[in-house]
Structure formats: structure tokens, C-alpha cells
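Residues per chain are reported as follows:
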Amino acid sequence: MKFIGHNTKGIIFVVLAYLSWGVLPIYWKQLDTIPSLEILAHRIIWSTVFTLSLGLFIKRGYIRKYFSDPKALLRLSITGILLALNWGVYIYAINANHIVECSLGYFINPLVSIVLGMVFLGEKLNKTQITAFLFAVAGVAYLTINYGQFPWVAIILALSFGVYGLMKKQMDYDSMSALAVETALIAPFALVYLFFGASVAGVSLLTQPYPVVILLVLAGVITALPLYWFGLAAVKIPLYSIGFFQYISPTINLFIGIYIYREIFSSTHAIAFALIWIGLALYIGDIIVRLRRQYKEVF
């Protein structure tokens with residue numbers, strides 16, 4: 001595979017997405033007094049409002065096209081369900097003080113992306129990349145084996161977002177329009193929950209303080225923008241590259257969990273994360289070498 005597949009804009013977009021996801025636990029922690037399902041419902045609804053408003057303004061043709069195409073609706077229904085599953089488990093884990101386990105999930109996720117890319121898209125790795133991959137596998141395996149219990153949160157997060165990334169890569173739809181349709185398709189379920197679930201429990205939007213209301217509404221923006229950037233990146237660079245860049249997000253999550261919310265970080269974690277970072281350093285080094293080589297060929 002030629003290195004030209006590493007589109008510069010794609011790399012910028014994927015880095016922006018993962019930096020945003022990295023600091024997201026701090027945002028959800030401000031809402032930890034609200035049930036996770038209600039936060040999820042608001043996240044879906046306000047993401048729909050934001051993406052549909054923006055999409056209808058600048059991408060109206062795409063949205064109309066996707067809603068009128070049964071095949072597109074089926075695909076986007078599946079990716080919408082994957083998003084809802086990923087969002088729900090993530091919010092639950094953050095507010096239940098499992099940020100380190102979330103970090104583990106998103107360290108496993110790049111490995112899932114790499115495997116999916118090789119199996120379904122025929123993407124290949126060179127020797128340096130294979131070495132980097134093996135270091136990452138060793139780190140994640142060590143951490144998982146020594147975790148002490150089955151990390152179901154981490155596994156669900158890794159699998160749901162890995163398959164989501166694969167499907168986005170294969171669909172090659174307009175990023176914002178596809179996201180608008182995805183969230184719109186699952187929004188009715190969120191509305192049903194808010195009307196018949198959250199309101200019965202006495203925690204409806206109308207009963208919340210204004211700062212909480214603002215945070216819930218803005219959840220649509222802070223959710224949609226990183227996914228929009230991720231969607232742009234998914235069609236511009238190979239899936240294995242997306243997988244390795246994703247280490248940005250769980251690393252930030254890890255530091256937030258340890259240093260801000262004082263979660264446990266043992267010697268087992270230290271060894272595993274060291275192995276993972278060696279793999280990441282090798283891979284980034286390979287990218288730099290190839291970029292320099294490409295630059296010399298052009299100029």
C-alpha cells in the first residue's frame with residue numbers, strides 16, 4: 001500500500017477527534033448526579049438537533065439522499081445502534097469511577113481496528129508496523145490478563161467502536177450528513193425514554209438547574225464535532241492508522257483517571273502501558289520516515 005493513503009488532512013482530523021475524546025470524561029463527570037440513561041438520551045437528542053440543523057443548512061442533498069435510500073438507512077441504523085451502545089457504556093463507566101477501564105477499552109480498540117482492516121479491507125503492515133503492533137498486543141494482553149476480572153466495559157467499548165469505524169470506512173458517506181441520519185434514527189427511542197422513563201423518575205430536563213440544562217444541551221455539540229472529524233478521517237487514511245492514533249484518547253483518559261479522580265494505577269498498568277507506548281513510538285517513527293521520503297520524492 002502506498003503511503004499516499006496517509007492524507008495529511010485525515011491525520012489532522014483524527015488527532016482533533018481523539019484529543020476531544022480524551023478530555024471528555026471531565027465533561028461527563030459534571031453530570032454524575034443524573035442517571036446515565038438520561039444523559040445518553042439527551043446526548044442523542046441534542047446531537048440530532050445539532051447535526052440535522054447544520055446538515056440541512058450545508059448538506060441538505062446528502063441527508064435527503066440517505067433518508068430515501070433503504071440500503072443507506074439500514075447501514076446508518078446499525079452504526080447508530082453501535083454509537084448508542086458505545087455512548088451509554090462509556091457514560092456509565094465514567095460516572096461509576098471506571099475511567100481507567102475505559103482507557104483500557106480504547107487501548108484495545110486500535111487492535112480491533114487493525115484486525116478488521118486487515119480482514120475486511122485487505123490493509124497490510126510493513127515490518128516496523130508489525131513490530132509496533134506486537135508491542136501493543138503484548139501491552140494490552142498483559143493488562144487484560146492481570147486485570148483480575150473480565151473487563152466487560154473495556155471489551156464492549158473496543159468492539160462497538162471498532163466495528164463502527166470499519167462500517168464508516170466502507171460506507172464513504174458524507175460525514176456530517178451520515179451522523180445526522182444516524183442520530184435521527186435512534187432519537188425516537190431517546191425521546192420515548194425521556195417522556196416515559198426519566199420524567200416518571202422525577203429527573204426531567206425541566207427540573208434541572210440551568211448549568212445542568214446547558215451541559216445537557218451542549219452535549220450535542222461536544223458529541224457531534226469529534227465524530228464529524230472522525231468520519232472525515234475514516235475515508236482519508238487507512239484503518240490501521242486510525243487505530244494507532246487512537247492511543248491519544250485513552251492516554252489522556254488514563255491521566256485524568258489517575259491524577260484528577262484518583263483511580264488506582266498499579267505496577268501492572270505501568271508495565272502494560274509502557275509496552276503500548278513503545279509500539280506507538282515505533283509506528284509514529286515509521287510515519288515520520290515515510291513522510292520525509294515522500295517529501296524528497298516530490299521536491
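Small disclaimer: the values here were computed from a predicted structure and weren't measured. (Residues numbered from 1 in each chain as written. Predicted model: local features only at pLDDT ≥ 70, side-chain atom pairs only at ≥ 80, totals over all residues. Heavy atoms only, no water.)

Below, the discussion takes up the overall build of the chain. When you go through the chain residue by residue, the secondary structure sums to 12 helices and 0 strands. Secondary structure of the chain in N-to-C order comes out as α-α-α-α-α-α-α-α-α-α-α-α. Within the chain, the proportion of its 299 residues that are buried is 51%. Once local pairs closer than 6 in sequence are excluded, the contacts in the chain between residues at least 24 apart make up 90%. Of the accessible surface of the chain, which amounts to about 13900 Å², a share of 70% is contributed by carbon and sulfur atoms. (Helix = DSSP H or I, 4+ residues; strand = E, 2+ residues; numbered from the N terminus. Buried < 20%, exposed > 50% of the residue type's maximum accessible area, 1.4 Å probe, protein only. Contact = heavy atoms within 4.5 Å. Areas by Shrake-Rupley, 256 points an atom, 1.4 Å probe, with all protein chains shown as cover.)

Mapped onto the elements of the fold, E182 is located in helix α8 (residues 175–198). A distance of 3.2 Å separates a polar atom in the side chain of E182 from a polar atom in the side chain of Y164. Not counting residues within four places of it along the chain, the set of residues in contact with E182 comprises L76, T79, G80, L83, Y164 and K168. (Polar contact = N/O pair within 3.5 Å; in protein donor to acceptor, adjacent residues only side chain to side chain.)

Okay, the environment of I81 next. In this structure, I81 sits in helix α4 (residues 70–95). Considering only alpha carbons, one finds I81 and Y164, 83 residues apart in sequence, at a separation of 9.5 Å.

What follows deals with α4. An α-helix turns once every 3.6 residues. As a result, residues three or four positions apart point the same way. Over its 26 residues, α4 extends 37 Å from the first C-alpha to the last, a length consistent with the 38 Å expected when each residue adds 1.5 Å. Measuring from the side-chain oxygen of the N-cap residue of α4 to the backbone nitrogen of K71 gives 3.0 Å; that N-cap residue is D69. Of the residues flanking the end of α4, it is N97, one or two places downstream, whose phi is positive at about 65°. (Expected span 1.5 Å × (residues − 1).)

Moving on, we come to the packing of aromatic side chains. Scanning the model with the defined rule gives 15 aromatic pairs in all. A ring pair is formed by Y62 and Y66, whose centres lie 6.2 Å apart and whose planes are at 35°; its orientation type is tilted. With Y62 and Y66 both in helix α3 (residues 60–67) and 4 residues apart, this pair spans about one turn of that helix. Of the residues examined, Y66 reaches a relative accessible area of 3% and is grouped as buried. (Phe/Tyr/Trp six-rings, centres within 6.5 Å; stacked < 30°, edge-to-face > 60°.)

The subject of this paragraph is the packing of helix α1 (residues 8–29) against helix α11 (residues 248–260). Between α1 and α11, whose axes approach to 8 Å, the crossing angle comes to 20°. Put simply, α1 runs roughly parallel to α11. Relative to α11, the crossing made by α1 is right-handed. Of the residues in α11, those touching α1 at V15, Y18, L19, W21, G22, V23, P25 and I26 are I248, S249, I252, N253, I256 and I260. Class assignment of the residues belonging to the contact of α1 with α11 gives a composition of 11 nonpolar, 3 polar and no charged. (Axes fitted to C-alpha atoms, helices over the stretch in contact; angles between N-to-C directions. Parallel < 35°, antiparallel > 145°, perpendicular 65-115°, else oblique. Left-handed = near helix turned anticlockwise from the far one by under 90°. Nonpolar A, V, L, I, M, F, W, Y, C, P; charged D, E, K, R; others polar.)

Following the sequence through the fold, D32 ends up in the loop between α1 and α2 (36–58). Take D32: its relative accessible area is 41%, and that puts it in the partly exposed class. Sequence separation of D32 and Y92 is 60 residues, and the distance between their C-alpha atoms is 9.1 Å.

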